[in-house]
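Chains, contacts and geometry: an overview
So the chains spell out like this:
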Amino acid sequence: FLLADNRHYVFYVWNRFLGRVPGLKEALAPAYMYSAWVAARRLLAAQSELWLLIFCVACVLTLVPAHLVEPRYWTTAVMLAHAHSPECRWSSLGVVGGSFVAVNLATLAIFCFRPFAWPNGEIARFMW
């Protein structure tokens with residue numbers, strides 16, 4: 001569904017990067033595993049194993065049933081992980097929160113001011 005709808009970010013990431021190079025999405029699996037390992041190590045430096053287990057289960061229960069793969073589904077998990085990491089400072093939380101606000105404002109601007117036409121002539125708007 002998502003790859004057929006050009007109103008979402010993932011459609012463009014897939015069509016311009018992941019879908020063009022055969023085997024690229026599989027080749028990125030080690031990078032995904034390494035990122036998960038680094039994130040788990042950082043969180044375990046400040047939280048208990050039980051906390052990490054509950055966090056991972058909550059993330060899985062949130063992300064797996066989602067029909068679309070979109071940033072809005074994992075934004076809360078990223079903010080919670082950052083807030084519970086060992087080097088959490090208000091300035092770094094502000095940078096992460098500010099970047100989320102900037103992406104949302106850019107998306108809102110595109111939604112409001114950059115409509116596009118479907119092949120049948122209907123007006124459509126880009127959405128998250």
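Right, let's walk through the structure included here.

About the cut-offs
- Within every chain, residues take consecutive numbers counted from 1 along the sequence as written.
- Reporting of local features is limited, given that this is a predicted model, to residues whose pLDDT is at least 70; pairs of side-chain atoms are given and counted only at 80 or more, and all residues count toward the totals for whole chains, interfaces and linings.
- Values reported for side chains reflect all heavy atoms of the structure, with hydrogen atoms and water molecules removed beforehand.
- Note on ring pairs: Phe, Tyr and Trp rings are taken, using the six-membered ring of Trp, and paired if centres are within 6.5 Å. Classes follow the plane angle, with under 30 degrees stacked, over 60 edge-to-face and the rest tilted.
- Helix and strand assignments follow DSSP, with helices taken as H or I runs no shorter than four residues and strands as E runs no shorter than two, numbered in order from the N terminus.
- The term nonpolar core refers to a set of buried residues drawn from Ala, Val, Leu, Ile, Met, Phe, Trp, Tyr and Cys, joined through side-chain atoms within 4.5 Å.
- Relative accessibility decides the category of a residue: with a 1.4 Å probe and only protein chains considered, values under 20% of the type maximum give buried, values over 50% give exposed, and everything between is partly exposed.
- Note on contacts: a residue pair is in contact if any heavy atoms of the two residues lie within 4.5 Å.
- Using only the protein atoms, space was sampled on a 1 Å grid; points where a 1.4 Å probe fits but cannot get out form cavities, open sets with protein on both sides within 12 Å along at least five of seven lines form pockets, and lining residues are those with an atom within 4 Å of a point.
- Grid points are joined across faces, edges and corners, and a volume is the space filled by probe spheres set on the points.
- Polar here means any residue other than Ala, Val, Leu, Ile, Met, Phe, Trp, Tyr, Cys and Pro, which are nonpolar, and Asp, Glu, Lys and Arg, which are charged; Gly is therefore polar.

1. Things to note about the packing of aromatic side chains
- For the structure on display, the rule yields two aromatic pairs.
- Each ring, one from Y34 and one from W37, has its centre 5.8 Å from the other, and the planes form 35 degrees; the classification is tilted. Taken together, the positions of Y34 and W37, both in helix α3 (residues 29-44) and three residues apart, correspond to about one turn of that helix.
- Ring centres 5.2 Å apart and planes at 5 degrees place the aromatic pair W51 and F55 in the stacked group. Of this pair, W51 and F55 both sit in helix α4 (residues 49-63), four residues apart, which is roughly one turn of that helix.

2. Describing the nonpolar core
- Counting residues in each nonpolar core, the largest one holds six residues, listed as L43, L52, F55, C59, A77 and A81.
- Counting residues per element, the ones that place at least two in this core are α4 and α5 (71-83).
- A total of three residues in this core trace back to one element, the largest contributor, which is α4.
- Apart from the residues within four sequence positions on either side, L43 is in contact with W51, L52, F55, A81, H84 and S85.

3. Thoughts on the layout of surface pockets
- There is about 710 Å³ of room inside the largest pocket.
- Elements supplying a minimum of two residues to the lining of the largest pocket: α1 (9-18), α3, α4 and α5.
- For the lining of the largest pocket, the element with the highest residue contribution is α3, accounting for seven residues.
- Its residues assigned to classes, the lining of the largest pocket shows 23 nonpolar, one polar and no charged.

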